[in-house]
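An overview of the molecular structure
As a plain string of letters, each chain reads:
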Amino acid sequence: MLVNNFSRIVTLCLFLQTMILCKVLKPLQKGEIRCWMSLFFCIFYLTAAAQQTGSIKGTVTEKNTPLEFATVSLYPIKDTIKPISNSLTDASGKFVLEYLQPGQYLLSISLIGYKTHQLKIALIKDHLNINAGNIELTQQSTQLSDITVTSTKPVIQKTNRGLVVNASSILTQAGGTATDLLRNTPTVVVDEDGNITLRGKTPLLLINGRNSAIGSTDQIAASAIDKIEIINNPSAQYDANSEAGIINIILKKNKQNGTNGALALGTGFGAKGRINSAAMLSHKTAKWNLSLAYDNRFAGRIRKINAERQSFDIPDQYYLIQHRNDNRIDQLQNVRAVIGFTPDTKNSFELEAIGTLDGQDNHEDLNNTFRNSNKNFVSRNDRFSNEIERSKEAEFALNYSRKFNNKNISLTGMVSSSVERNRQNTGISTKFLTETDDQIGDAQLQRTTNYENGNVTNIKIDFAHPVSAHSMIETGYKTTLRYLDADFQSLNYENGGYIPNPVASSNFRFNENVHAWYVQYSATAGKQNNSQWKYDIGLRAEETNNNGTVKSSNQKFRNQYFKLFPSADIVYNQSASESWRLNYSRKINRPGFGQLNPFIDVTDSLNQHGGNPDLKPELIHSFELGYNKDWNKISFFAVAYYRNSSNSIRQFTILQSNGVALAIPQNFGSLITYGIENIFTAKPFNKYDFNLSASLYKQNIKDNAAGQELSNDVVSWYGKLINNFTFWKGSKLQVTGVYNSPVALPQGKRIATYNVDMGFQQKLGKKGNGRLGLVVTDIFNTLKYGSELKASNFTYNRYGKVDSRAIVITFAYTFGTSFKEKLLENKYSND
């Protein structure tokens, strides 16, 4: 006791000294690092009193007969998705789980042919070594020959970092893409152009935990996705460029022993037909895990857009009326191969390869009509364009993990590289018309080509080691290297040939290197009446270097900056079913390639857009206060959040004196966002359960731009209601309703959107190997998009409608030897 009190007094003195140094030191980078590191060492010293880890042992039997090869898994009571420790019972039915930190746990024992047995166990200071005694398993009433290992995953599973959405549980988007899947994902909003937002901002998109050149969710088939992980306020372990959080798309991967396969087919129609298919084959042994998967999707789509602009300072072009019709064919093909090798119980390697071919054939008709302030006809033109786009993406990743005798120690490493090759060719014909649509003169002909070559490389290593029985330190390094070369050429038809137009052409090269280091310390404290405190404190340092060159104009820019990103998280587990959480993090929103490219795209001569090489990174302070409560059949989660952004990056439109609207991104003085998010899950009846998610937030944008004072203060909210019905054995009906209220923009707002989707699935066959499904999206055909902008010299309203209502029929069949092998080996894969 005396030693502990003395150590706390010494630590307090060091802590006060560190805080004084932090206050006195000038805000130099090295000074900041020394200050933070000293603070970390003080915290480590405070909890470094060595306390032994705990253990759980027991014996699994059936009527006093030992059961061998039973799977014993231990889960944190707050996160029952991934076990922290696994073991198999020996010939005498015994098992031991060692090196366990104090806490509340769920112990699960399972074996083929027996009912899974679960019990709660608490490891506390005075009881770190638990003997669970004799655990009796009882046989299933069904004969072994009729047993099929099946499970129904909930739509949402909560974790300590956020939530996980199981893709297979969202029936209403079968046959679609990851974008379609995210539209029906709780807390996520997707606009008409496929832009994804969380709480009003764009999240960081990862694929299998990696930054990737596959930058669009339209390039990932929904059938290839296992689950979607959403992390709202990431800690220092994650990239700081995650202001709105992280969406991590986790692709399917084999987890079963033996040889297994799956086949899925889908076909349907909206305004046009669509078809998709998927196949997967895998083989897993004790040391090897091999899998190969293929997905494709072909779909015809149409879109209609109507817009009207009023230009107050241009009397002869006061009104601009636009009507646009798009006729598009999308094609997508993915192939994935995984080779896993586990030479021993401590080392594992995994090589993953992903290849993607996607394309669009888009035929667009844009009609522009100008009228003067008296609404008299001035001019009209009709612009036809045929755009053919083809893209190729390839990604390779090598993962390594090392286990130690102490299971709380871990070492992981990852190297990945992804490349993209994009080719876009467009033919444009513009006809000039009278008010009665008679053609005036010859059509104006143009061609454009846009060729992009890109690469994203990641190198990452993470290490975790316990400091004591109650504390852990994690540290790591990551580098992300990006390269993109975009060559855009515009050619005009003159004198019988196409002549390059250097004013409308550009070749832009962009390089960016981000080097990051982090350290994070986590610990638990206090143990009274089943309550427990847990806290994490971390610091991430990132150095960013990027540069760009426009070869046609020799315009160059270069940015280099070093930033520190602290994070802190405090959790109070009031009981096994109730907890509170408070966290803080500092984030950055680095402008990307498209936002920095200074080239002005004049393909649409009346609505031009470009980048801004003078953009500064956006810096954000983010706070969250969350509450979680679980009852028997009800679960409730709520979080209040606040974000204060400086140099906020938003798109800004300027109407020039020649009647051309130019949209470029700009930094705004401040953007304050605060709101509350709720997720409510309940199962009121055996055959019905639902998930309701809703978010209410307010954005306040204030600044001066282009001589105009901007102030937009709008309350927005969105919600999703997912209803699940079971009518008879093997059936499931899902009905999902989505509503997104108007959203604030610097010069106006996006209009509200709403829709209802339905999906039905019926298992077929004695063992449920086959599944027949029916999907109807946007049942009432209500999904429309639009924006309404207003400035001192113009207003611009734009509304669009895609063929969102569609009917798709799906069929899936699975086969494999894994079940047979599990019976022979008397083993069961808990996953």
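None of the values given here were measured: they were computed from a predicted structure. Position numbers for residues start from 1 in each chain and track the written sequence from start to end. For a predicted model such as this one, the threshold for reporting local features is a pLDDT of at least 70, and the threshold for listing and counting side-chain atom pairs is 80 or more; totals across whole chains, interfaces and linings nevertheless cover every residue. Hydrogens and waters are ignored; side-chain quantities use all the structure's heavy atoms.

**Quick notes on the overall build of the protein**
What counts here: Labels follow the DSSP assignment, with helices taken as runs of H or I lasting at least four residues and strands as runs of E lasting at least two, numbered in each case from the N terminus. For each residue, the accessible area found with a 1.4 Å probe, counting protein chains only, is set against the maximum for its type, and the residue is called buried under 20%, exposed over 50%, and partly exposed in between. Contacts are assigned to residue pairs with any non-hydrogen atoms lying within 4.5 Å of each other. Residue burial considers only the protein chains on display, and all accessible areas are found by Shrake-Rupley using a 1.4 Å probe.
Helix and strand counts for the protein stand at five helices and 44 strands. Here the protein, with 831 residues, has 50% of them falling under the buried criterion. Once local pairs closer than 6 in sequence are excluded, the contacts in the protein between residues at least 24 apart make up 67%. In the structure as shown, the protein presents an accessible area of about 39,100 Å², 56% of it carried by carbon and sulfur atoms.

**A word on the sheet that holds strand E6 (residues 103-110)**
The strands making up a sheet are joined through hydrogen bonds of the backbone, oriented either antiparallel or parallel. Applied cut-off: Note on pairing: two strands pair once DSSP finds at least 2 bridges between them. Angles shown run from 0 to 180 degrees and are taken between the N-to-C directions of axes, each axis being a line fitted to C-alpha atoms and, for helices, limited to the stretch in contact.
Read from one edge to the other, the open sheet built from four strands follows the order E4-E3-E6-E7, with strand pairing classed as antiparallel. The open sheet is flanked by strand E4 (85-88) and strand E7 (117-123), the only strands paired with a single partner. If you compare each strand with its neighbour and ignore which way they point, the axes differ by 20° on average. In this sheet, E4 lies alongside strand E3 (residues 71-76) in antiparallel orientation, the contact comprising four bridges.

**Side note on the packing of aromatic side chains**
As a reminder, the rule being used: Ring geometry is summarised as follows: Phe, Tyr and Trp rings, the Trp one being its six-membered ring, pair when their centres sit within 6.5 Å, and such pairs are stacked at plane angles under 30 degrees, edge-to-face over 60 and tilted between the two. Only lysine NZ and arginine CZ atoms are considered, and such an atom sits over a ring when it is within 6 Å of the ring centre and within 35 degrees of the ring normal.
Scanning all chains against the criterion turns up 26 aromatic pairs. Consider the rings of Phe680 and Phe690, whose centres lie 5.8 Å apart with planes at 45°: the pair is tilted. A residue pair is termed long-range when its members are at least 10 positions apart, and Phe680 in strand E34 (residues 661-685) and Phe690 in strand E35 (residues 688-705) qualify at 10 residues. Taken together, the ring pairs connect Phe636, Phe680, Tyr688, Phe690, Phe725, Phe727, Trp728 and Phe760 into an aromatic cluster. Arg199 extends its terminal NZ or CZ atom over the ring of Tyr641, reaching a point 4.4 Å from the ring centre.

**Considering the sheet that holds strand E13 (residues 204-207)**
The strand order across the open sheet built from five strands is E9-E10-E14-E15-E13, with neighbouring strands paired in mixed fashion. Each end of this open sheet is capped by a strand with a single partner; those strands are strand E9 (156-158) and E13. Between one strand axis and the next, the sheet turns through 20° on average, direction left out of account. By the bridge criterion, five bridges tie strand E10 (residues 162-166) to strand E14 (residues 225-231) in an arrangement that is antiparallel. Pairing of Gly162 across the sheet is with Ile231, part of E14.

**Considerations on the pattern of salt bridges**
Filter applied, for reference: We count a salt bridge whenever a side-chain nitrogen from Lys or Arg sits within 4 Å of a carboxyl oxygen from Asp or Glu.
Tallied over the full model, the rule gives 30 salt bridges. Lys201 is the partner of Glu618 in a salt bridge, and the nearest nitrogen-oxygen pair spans 3.5 Å. Linking Glu618 in strand E32 (residues 618-630) with Lys201 in the loop between strand E12 (196-198) and E13, this pair joins segments that are 417 residues apart in sequence. Note that Asp361 is salt-bridged to Arg390, the shortest N-O span being 2.9 Å. Of the two residues, Asp361 sits in strand E20 (residues 347-371) while Arg390 sits in strand E21 (residues 377-403), which places them 29 residues apart along the sequence. According to the relative accessible area criterion, Asp361 is buried, its value standing at 17%. Since its relative accessible area comes to 34%, Arg390 is described here as partly exposed.

**A short note on the environment of Ile246**
Here Ile246 is to be found in strand E15 (residues 246-251). Taking the C-alpha atoms as reference points, Ile246 and Ile231, separated by 15 residues in sequence, lie 5.1 Å from one another. In contact with Ile246, not counting residues within four places along its chain, are Pro203, Leu204, Leu206, Glu229, Ile230, Ile231, Pro234 and Tyr238.

**As for the pairing of strand E42 (residues 785-790)**
Note that strand E39 (residues 748-750) and E42 share three bridges and pair antiparallel. By the bridge assignment, Arg750 is partnered in E42 with Ser787. Bridge analysis of E42 against strand E43 (residues 794-802) gives six bridges, and the strand direction is antiparallel. When the bridges of E43 are listed, Gly786 appears paired with Tyr799. What sits between the antiparallel neighbours E42 and E43 is a turn of three residues.

**Structural notes on the environment of Val743**
Its place among the elements puts Val743 in strand E38 (residues 743-745). For the pair formed by Val743 and Lys698, sequence separation is 45 residues and the distance between their alpha carbons is 9.2 Å. Among residues more than four places away in sequence, those in contact with Val743 are Tyr697, Ser716, Gly748, Lys749 and Arg750.

**Side note on the nonpolar core**
For clarity, the cut-off: Only buried Ala, Val, Leu, Ile, Met, Phe, Trp, Tyr and Cys residues count toward a nonpolar core, and they belong to the same one when joined by side-chain atoms within 4.5 Å.
Counting residues in hydrophobic clusters, the biggest one holds 27 residues, and the most contacted among them are Val165, Val188, Ile220, Ile225, Ile228, Ile247 and Leu251. Apart from the residues within four sequence positions on either side, Ile220 is in contact with Thr177, Ala178, Ile207, Ile214, Ile225, Ile249, Leu251, Leu332 and Asn334.

**Considering unusual backbone geometry**
Excluding glycine, residues mostly carry a negative phi; peptide bonds, for their part, are mostly trans. The phi dihedral of Lys375 is positive, around 70°, even though this residue is not glycine. Structurally, Lys375 is set in the loop between E20 and E21. By relative accessible area, Lys375 is classed as exposed at 54%.

**Some words on a nonpolar patch on the surface**
To keep it simple, the criterion reads: Residues enter patches when they are more than 30% accessible in relative terms and free of salt bridges; like-charged ones are connected within 9 Å and nonpolar ones (Val, Leu, Ile, Met, Phe, Trp, Tyr) within 5 Å.
Side chains of Phe269, Leu281, Leu764, Leu772, Leu774, Ile807, Ile809, Phe811, Tyr813 and Phe815 sit close together on the surface and give an oily, nonpolar patch of about 870 Å² of accessible area. Mapped onto the nonpolar patch, the elements with two or more residues apiece are strand E41 (770-777) and strand E44 (806-816). Per-element tally for the nonpolar patch: the top contributor is E44, with five residues. Tracing the backbone through its elements, the reader meets Phe815 in strand E44.

**Topic: the confidence of the model for the protein**
What counts, and what does not: The predictor's confidence in any single residue is recorded as pLDDT, a number from 0 to 100.
Per-residue confidence for the protein averages 84 on the pLDDT scale, and 87% of its residues sit at or above 70. Here residues 1-51 scores under 50 on pLDDT; set against residues more than four positions off or in separate chains, the count is 45 contacts. Per-residue pLDDT stays below 50 along residues 818-831; that stretch engages in 37 contacts with residues further than four places along the chain or on separate chains.

**Comments concerning the pairing of strand E37 (residues 731-740)**
Looking along a regular strand, one sees side chains alternate from face to face of the sheet. Burial runs high along E37: seven of the 10 residues are buried. Bridge count for E37 against strand E40 (residues 753-764) is 10 bridges, and the pairing is antiparallel. The partner of Ser731 across the bridge, within E40, is Gln762.

**Concerning the environment of Glu389**
What counts is decided by this rule: Polar contact is defined as a pair of N or O atoms within 3.5 Å, subject to the rule that within protein one atom must be able to donate a hydrogen and the other to accept it, and that residues adjacent in sequence are counted only when both atoms are side-chain atoms.
Relative to the elements of secondary structure, Glu389 occurs in strand E21. Using a relative accessible area of 18% as the deciding quantity, one classes Glu389 as buried. A sequence separation of 31 residues divides Glu389 from Asp358, and the C-alpha atoms of the two residues are 8.3 Å apart. Not counting residues up to four positions away in its chain, the partners in contact with Glu389 are Asp358, Gly359, Gln360, Asn422, Arg423 and Gln424. Of the polar contacts made by the side chain of Glu389, one reaches the side chain of Asn422; its length is 2.9 Å.

**What about the side chain of Gln734?**
Following the sequence through the fold, Gln734 ends up in strand E37. Note on Gln734: relative accessible area 1%, which makes it buried. From its side chain, Gln734 meets the backbone oxygen of Ser169 in a polar contact 2.7 Å long. At a separation of 2.8 Å, a polar atom in the side chain of Gln734 contacts the side chain of Asn724.

**Observations regarding the side chain of Ser522**
Assignment of secondary structure puts Ser522 in strand E26 (residues 506-528). On the basis of relative accessibility, which here comes to 11%, the residue Ser522 falls in the buried class. Sequence-distant contacts of Ser522, that is, excluding residues within four places in its chain, are made with His470, Ser471, Met472, Glu474, Tyr535 and Asp536.

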